[in-house]
Structures are given as C-alpha cells and as structure tokens.
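As a plain string of letters, each chain reads:
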Amino acid sequence: MRKIIILVSVLLLGVASMSYLYFSKLGVENDAKDLALQSATNNAAILFSFQNDKAFYEIMAGQGLLQQAIGEEKTNLLKQLKESFINKKLINNFVQDQEIYISLLPDTNQTLNFLITVQIRPDQELINFQNKLQSIVKPVVKEKNIYTLQVNDSLNVFLGMQHQVLTISTSLKLIKNAAIRLNDNPFTAYIKESRLLNKNILAQLYINFNQAPLLLKNIIAGSINGEMALFKTQNSFATLNYNFSKEKILFNGNTEIKSADNYLKLFEQIPVQNTNIQNIIPDRTASYTVYAYDNYQSWQQKLVRWQTLKNLTDKRNVLIKKVKTEYRTDLNAIFPLYLKNQFITFQLNTGEKLAAISLINGEKVKQLLFDVSEDYSEEIKHFKTADILFTYLGEPFKNFVKPYYVIIDNQFVIANNASTVQSFLNSYKNNKLLIQEPAYLDALNQLPNTSNIGFYINLKNAKNIFRSQLLLKYYQHLQADSGWKEFDSFYYQMSADQNKFITNMLLNKYIKPNPSDSASTR
C-alpha cells in the first residue's frame, strides 16, 4: 500500500512539475509576442491592427473610403511603406503572417503621425534581419538600435529594431518613445483580453479614450473645453471590428467604461430602447447626444449613487429643500413621476446649445413648475432656481444652470437663451427638422433602431464649428475632396450589454438616388 501511495505521489509531483514548466514557458512565449503590442500602445489613443497576409491587402485595395478618411498624405505614406517592405520578399519573409499595428500618435509641432509596429516571426532572428538590411539602412548618430531608410527620392523613414520588434515612422520621437515599453499598461492589457474573444477578424480598431486629450491637443485650437471637456476624464476603451463596404465605413464591437464615477456607467445593464426624441431637433443641428433608459425611478437610483461618488448629495438635498421652502414646490413630486425614458443634448450650426427631455404629461408639468418659473413670453418660461435639471438628470445638464424652457407636445426643451428656444420653436412649428433630411435618414438606416446612447455629428452642419475649433490643416482635410468633404454623417452608437456597451461606429456618405433609376422602375 505504501509503495502505491509513493508511486502516485511521484506521478502527481511529476505532472505538477511538467505543468509548471509548460505554462511558465507558455507565459514567456506570450510575453515575447506582446513586445510589439507594448510598443504600439505606448501613448496611443487609436490603434489599427491587421494580419500581414496577401488576402488582407487585396480586400483593402477596394476600400477607397477608408483611404479617403485618413487623407491623401497618410495614404501615400502607407502605400510607399508597403511597397518598400511588404512587397519586397527579402524583408517580408521576416514578418509574413504577423500582426501589424498602426498607431495614431501626437507628434511635434501640433501634428499627428503614424507609428507602424510589427514583430519578427518567432522562427527568425533579429540579427539576421539586421544583417539583411545593412546595405540599405544607416545608423542614426547617437541613437541605439535606430536606423534611417530612404524609401524613395522624397521619403526617409526611421526604423527601430529591438527585441524582435520593428518600428517604423517618419518621426524619430515616436520611434524613441516606442522603445520604452510599459509593463503595466491598461491599454495593452485591455487589447490582450479583447483578442481572446475576437478571432478571424479582417482588421480591428482599438481606442484608448484616456489618451484622447493628448491627441485632441494637437488638432484643436485652444484648450479642451465645452463638449470636448468630456474627454479629460474619460477612462474607457473600445474594440471595434472593421466591416468591409464600398458604401460606408462601419466598425462594430464594444466599449468598456472603467471608472465607477463615469456618467455613462448609469446606462449599463439597462434594456436597449427605441428613441424618438431626436425627431424633434431642427434641420440645422450640427451634433447631438441621445440617452435612453427603461424607467426613470429605477434609473434615478443609479443617478443618486453617481451623485454620491461625485460628492453632490448635499447639493441635491439643499436644492430640493430650498425650492420646497421658497416656492412651495416639491420637485420630487414632479420629475420622478413625469420624466419619461429619454433625453437629448444638441448643438445647432450656429454653436447654440439646447437639450430636450421626454415627458409623460407635459401639461401637468407646466402647472407643477408654475411657482418655480417666471414668464418670458406666453410660451417660453425661465427657471428662478439654478441646477434643477442637473439635480434630476446629471452631467449633460451641468451647463444649463437656469435655462429658459418651453414644453410642447410632451417635450421639455431648454437653452440658456430665450432667443435659442424661440429659434427651436420656429423650426419645430414649420417642420424644418433633421428627420426630414435624406442624408440623415440614410445614416440611421445603417444602424440598429434601439440603443442607450448615441452620439451623432452632421459633418455639413458642423462646418463652422469645426472651423473655429480645429487647427487650419485639419479643418482643410475635413473640407478637401480627397478628405472628409463627401462624408455627411458620423455616428457612435452604444447599447448596454451588462458591463459593456455593444458599439457601432459609422462614417457615412449619402449617395443621392439617380432619377433615371427611379424612372425606369415605373
């Protein structure tokens, strides 16, 4: 019996030892595979990845829209690099079938630049690769493991070669930064986890919203404020899979919000909703963000927890008590009972900002708000007390402190100026609405009709706003025939799925129907 026990113990010990050695070796191999990813994600806000194989390039050759979106200059750069590396068998043998990462990063002098990262195949040696390149590259003076390569008469690039990883860019700064690999990078960890769930995908786009401020700082004139201020504290990531199409640029995947106090967390784990509040906004709308939940009273519990995290509880209680004392109005008997399931903030092409909230009974709310409001005109009212809507709906209403408002057809519409509310009324009553625009309807038809959060930009109506916010060279790209001029809609749609949001990102170009086609069908 003792011999059997000893034998079993030895076998178990042997299995345990072999398992440890196997998984230790596997861990080392995986760490080696992640070196390129670590370099690619360092300081990156946007990362595009694909496998270096012939099929990918053949498919992408037919996608002119994607090339148009990144611009003629960057497209030509990528084409020339492909001709110099991928199309040359000598070089491509070392990176065939490997994952290629293209990072978009802030560079010097308020520019954005690409960093291309790829790992040498595990069956190849970096020293052999360096030997093959000796005749065509030159070492950069005072820089270790960095070289220059003349691609053609007008283009020189820098190459970094370190630990099986090759980095390529026209920027020496980006090459040097990529050599500093962060062992503890949340973006790297997020991508590694996402890749386990997404296989056999043509290409993927990863977004690190934490790095968005650095990216935006290089393309906008002035500071990050107003609508852009959202990106200052946006601790979140997105994984989006590319869907090939000749008619539109469409990515789908998911967005994960990491911070517990992020306002968008209030919409997690909520059933997706049909929204119609966006149907009331004017045809001059430049952008909007629509929010939807299932039931206000249950959603308010999430809002109260968010207010606690933001240390807003005392402010909320003081306001409710003050309004009840001074105006004999119990706000808790109004908003929790009569707010419906959706609201929207939107900006007109003039820069004017408004918001709208769906109500269950608009006429009743008018009566109940009588004492806490004053008349501006027969239709337009003005709150006497600040931050009422911020208290009951949160972050999107932070800048609508004491707004003017109108309640019409069970919609509560607000703005900081009475003239802006009147402008809305004129459009609404004359049916000059965005929902009447064919290009907008075409964009909506590309997406699911249910969601929880939707961020939309009308690229035509936002032209003047872009002109005031973007640096000249980026504004010119938006307006160029070879850039975004022909695109009319951008949409980022989020639908709750437990602890993440199923996401669709669309850049759409509306193609007007040919009159001869419709005539031929008669």
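The shown structure was predicted, so the numbers you read here are calculated from the model rather than taken from an experiment. (Residues numbered from 1 in each chain as written. Predicted model: local features only at pLDDT ≥ 70, side-chain atom pairs only at ≥ 80, totals over all residues. Heavy atoms only, no water.)

Before going further, it helps to examine the overall build of the protein chain. Secondary structure assignment for the protein chain yields 20 helices and 22 strands. Expressed as a percentage of its 522 residues, the buried residues of the protein chain come to 49%. Of all intrachain contacts in the protein chain linking residues separated by at least 6 positions in sequence, the fraction that spans at least 24 positions is 68%. A total accessible area of about 26,600 Å² is found for the protein chain, and carbon and sulfur atoms account for 52% of it. (Helix = DSSP H or I, 4+ residues; strand = E, 2+ residues; numbered from the N terminus. Buried < 20%, exposed > 50% of the residue type's maximum accessible area, 1.4 Å probe, protein only. Contact = heavy atoms within 4.5 Å. Areas by Shrake-Rupley, 256 points an atom, 1.4 Å probe, with all protein chains shown as cover.)

On to the pairing of strand β5 (residues 146-152). Two elements, strand β4 (residues 137-139) and β5, share 3 bridges in a ladder whose sense is antiparallel. Pairing of lysine 138 across the sheet is with threonine 148, part of β5. Between β4 and β5, which pair antiparallel one after the other, the connecting turn spans 6 residues, and lysine 142 there sits at a positive phi close to 70°. As judged from the 6 bridges shared by β5 and strand β6 (residues 155-162), these two strands associate in the antiparallel manner. What sits directly across from asparagine 152, in β6, is leucine 155. (Pairing = 2+ DSSP bridges.)

Right, let's get into the environment of aspartate 488. As for its position among the elements, aspartate 488 is in the loop between α19 (472-479) and β21 (489-497). Taking the C-alpha atoms as reference points, aspartate 488 and alanine 443, separated by 45 residues in sequence, lie 8.7 Å from one another. Discounting residues that sit within four places of it in the chain, aspartate 488 has contacts with Ala439, Ile457, Asn458, Leu459, Lys460, Asn508, Lys509 and Tyr510. In terms of polar contacts, aspartate 488 uses its side chain to reach the side chain of serine 489, at 3.0 Å. (Polar contact = N/O pair within 3.5 Å; in protein donor to acceptor, adjacent residues only side chain to side chain.)

Moving on: the packing of aromatic side chains. Across all of its chains, the model carries 35 aromatic pairs by this definition. For the ring pair phenylalanine 267 and tryptophan 299, a centre distance of 5.6 Å and an interplane angle of 45° mean the geometry is tilted. Here phenylalanine 267, found in the loop between β10 (248-257) and β11 (273-274), pairs with tryptophan 299, found in helix α11 (residues 296-309); they are 32 residues apart in sequence, far enough to count as distant. In this structure tryptophan 299 comes out as buried when scored by relative accessible area, which is 0%. The interplanar angle of 55° and the centroid separation of 6.5 Å between the aromatic rings of phenylalanine 267 and phenylalanine 343 together place this pair among those described as tilted. Taken together, the residues phenylalanine 267 in the loop between β10 and β11 and phenylalanine 343 in strand β13 (residues 339-348) connect sequence positions 76 residues apart. The two residues phenylalanine 267 and phenylalanine 343 agree in class, both being buried. Grouped by ring-pair contacts, the aromatic residues Tyr263, Phe267, Tyr291, Tyr293, Tyr296, Trp299, Trp306, Phe343, Phe397 and Phe400 constitute a single cluster. The residue whose ring lies beneath lysine 82 is tyrosine 57, and the NZ or CZ to ring-centre distance is 5.0 Å. (Phe/Tyr/Trp six-rings, centres within 6.5 Å; stacked < 30°, edge-to-face > 60°. Lys NZ or Arg CZ within 6 Å of the ring centre and 35° of its normal.)

Glancing now at the side chain of serine 171. Counting through the fold element by element, serine 171 comes out in the loop between β7 (165-169) and α8 (172-178). Here the side chain of serine 171 touches aspartate 107 through a polar contact of 3.0 Å, side chain to side chain. Once residues lying within four places of it in the same chain are set aside, the contact partners of serine 171 are Asp107, Asn113 and Phe158.

Let us now look at the pattern of salt bridges. Here the structure, examined in full by the defined rule, presents 12 salt bridges. A salt bridge links lysine 429 to glutamate 379; the shortest N-O distance between them is 2.9 Å. Residue lysine 429 is found in helix α16 (residues 418-429), and its partner glutamate 379 is found in the loop between β15 (373-375) and β16 (381-383); the two are separated by 50 residues along the sequence. Under the relative-accessibility criterion, glutamate 379 is labelled partly exposed at 34%. The residue lysine 500 makes a salt bridge to aspartate 497 at a minimum N-O spacing of 3.5 Å. Classification of lysine 500 by relative accessible area gives partly exposed; the value is 23%. Judged by its relative accessible area of 29%, aspartate 497 falls in the partly exposed class. (Salt bridge = Lys/Arg side-chain N within 4 Å of Asp/Glu carboxyl O.)

Next up on the list: the confidence of the model for the protein chain. Within the protein chain, residue pLDDT values average 86, and 89% of them lie at 70 or more. Across residues 1-31, where pLDDT falls below 50, the model places 0 contacts with residues more than four positions away in sequence or in other chains. (pLDDT = per-residue confidence, 0-100.)

Moving on: the environment of isoleucine 334. Relative to the assigned elements, isoleucine 334 resides in the loop between α12 (313-327) and α13 (335-338). Among the residues examined, isoleucine 334 registers a relative accessible area of 2% and is labelled buried. In this structure isoleucine 334 touches Thr329, Val365, Leu368 and Leu369, once residues within four positions along its chain are discounted.

Bringing the side chain of serine 451 into the picture now. Take serine 451: it is sitting in strand β19 (residues 450-451). Taking relative accessible area as the criterion, serine 451 reaches 5% and is therefore assigned buried. Filtering out sequence-adjacent residues up to four positions away, serine 451 remains in contact with Val272, Gln273, Ala292, Gln493, Met494 and Ser495.

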